[in-house]
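What follows is the residue order along each chain.
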Amino acid sequence: MQRKTTPISVLLFISFGFLLQGCQSTTDIKSEVSNEKMSQSQSQEPSSDQHAKLLGAKVFQNRGPFKVYTDGHSPDNHYIPSGWMGDYGDVKIDDKFMANPHSGTTCFKIVYDDKATQGARWAGIYWQNPPNNWGTRPGGYDLTGAKKVTFWARGENGGERIEEFKIGGITGEYADSDVAGIGPVALTTEWQEFTIDLEGKDLSSISGGFCWATNLDVNPEGCVFYLDDIKYE
């Protein structure tokens, strides 16, 4: 009896079909694994609050002062004097002024003119982290453990009046956790040390590390003053 044989073309077609099915199955498995990994990655991604903590928190270790400004070239400085307010066009700064610093080789010089360029009749500067952060993004430092901020200041002629020195107080989605300040302060031509008390303050997230503000009502001709050795202790 003649045995019935399957044509070679048919066998090739069937083999190709199984091979194609196997490739599709392998592709589906890889796709499922990839999707599962992506799902796991998305589920593990931190929330916006966690992002704020991860990107912003740098803990005050209480192993020595946390410095905002010491010398203009110092790598130990923290925060940037980027938050210019009010009549910002009337303010000039020199963060490496070399004449008569309180310590080191430089101090911070501030010139405030009496032109009211923006019509505000007042001006001020925030030292911020990151620069220009008005509470719209994560940042700042966790300074828990600090008891005070100390700084040194003097005026060019004496009698200059600064209405407020403060830390914190920035509002917004990523607001500072607290605020503290002193003022008004009358300066002399000699260096004087000033202290902002931080006892009982929530310092877990501070983007506005230091700030000054004054106005033309108390400085009708403007003023020139100097800052040095600004630090958390």
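First things first, this report covers the structure right here in the doc. (Residues numbered from 1 in each chain as written. Predicted model: local features only at pLDDT ≥ 70, side-chain atom pairs only at ≥ 80, totals over all residues. Heavy atoms only, no water.)

Details of the overall build of the chain
Broken down by element type, the chain carries two helices and 13 strands. Across the chain, contacts joining residues at least 24 apart in sequence account for 76% of those joining residues at least 6 apart. (Helix = DSSP H or I, 4+ residues; strand = E, 2+ residues; numbered from the N terminus. Contact = heavy atoms within 4.5 Å.)

Describing the side chain of Thr214
Here Thr214 is to be found in strand S12 (residues 208-215). At 2.8 Å, the side chain of Thr214 forms a polar contact with the side chain of Asn219. In this structure, Thr214 is in contact with Tyr112, Trp122, Ala123, Arg161, Ile162, Glu163, Asn219 and Cys223, ignoring residues within four places of it in sequence. (Polar contact = N/O pair within 3.5 Å; in protein donor to acceptor, adjacent residues only side chain to side chain.)

Digging into a nonpolar patch on the surface
Taken together, the side chains of Trp84, Tyr88 and Ile93 make up a nonpolar region of the molecular surface, amounting to roughly 270 Å² of accessible area. Judged by relative accessible area, which is 33%, Ile93 ranks as partly exposed. (Patch = residues over 30% accessible without salt bridge, like charges linked within 9 Å, V, L, I, M, F, W, Y side chains within 5 Å. Areas by Shrake-Rupley, 256 points an atom, 1.4 Å probe, with all protein chains shown as cover. Salt bridge = Lys/Arg side-chain N within 4 Å of Asp/Glu carboxyl O. Buried < 20%, exposed > 50% of the residue type's maximum accessible area, 1.4 Å probe, protein only.)

A word on the packing of aromatic side chains
Scanning the entire structure with this criterion turns up 14 aromatic pairs. Here the aromatic rings of Phe108 and Trp127 are separated by 5.1 Å at their centres, their planes lie at 55 degrees, and the arrangement is tilted. Separated by 19 residues along the polypeptide, Phe108 in strand S4 (residues 107-112) and Trp127 in strand S5 (residues 122-128) bring together distant segments of the chain. Each member of the pair, Phe108 together with Trp127, is buried. Taken together, the ring pairs in this structure connect Tyr69, Phe108, Trp127, Phe151, Phe165, Phe194 and Phe210 into an aromatic cluster. Sitting over the face of the ring of Tyr226, Arg154 holds its NZ or CZ atom 4.0 Å from the ring centroid. (Phe/Tyr/Trp six-rings, centres within 6.5 Å; stacked < 30°, edge-to-face > 60°. Lys NZ or Arg CZ within 6 Å of the ring centre and 35° of its normal.)

Digging into the pairing of S12
With eight of eight residues buried, S12 lies mostly within the body of the structure. Where S5 lies against S12, seven bridges are found, and the strand directions are antiparallel. By the bridge assignment, Gln128 is partnered in S12 with Gly208. Relative to S12, strand S8 (residues 164-168) runs antiparallel, the two being bridged by three bridges. (Pairing = 2+ DSSP bridges.)

Don't take any of this as a statement about function, it's just geometry.
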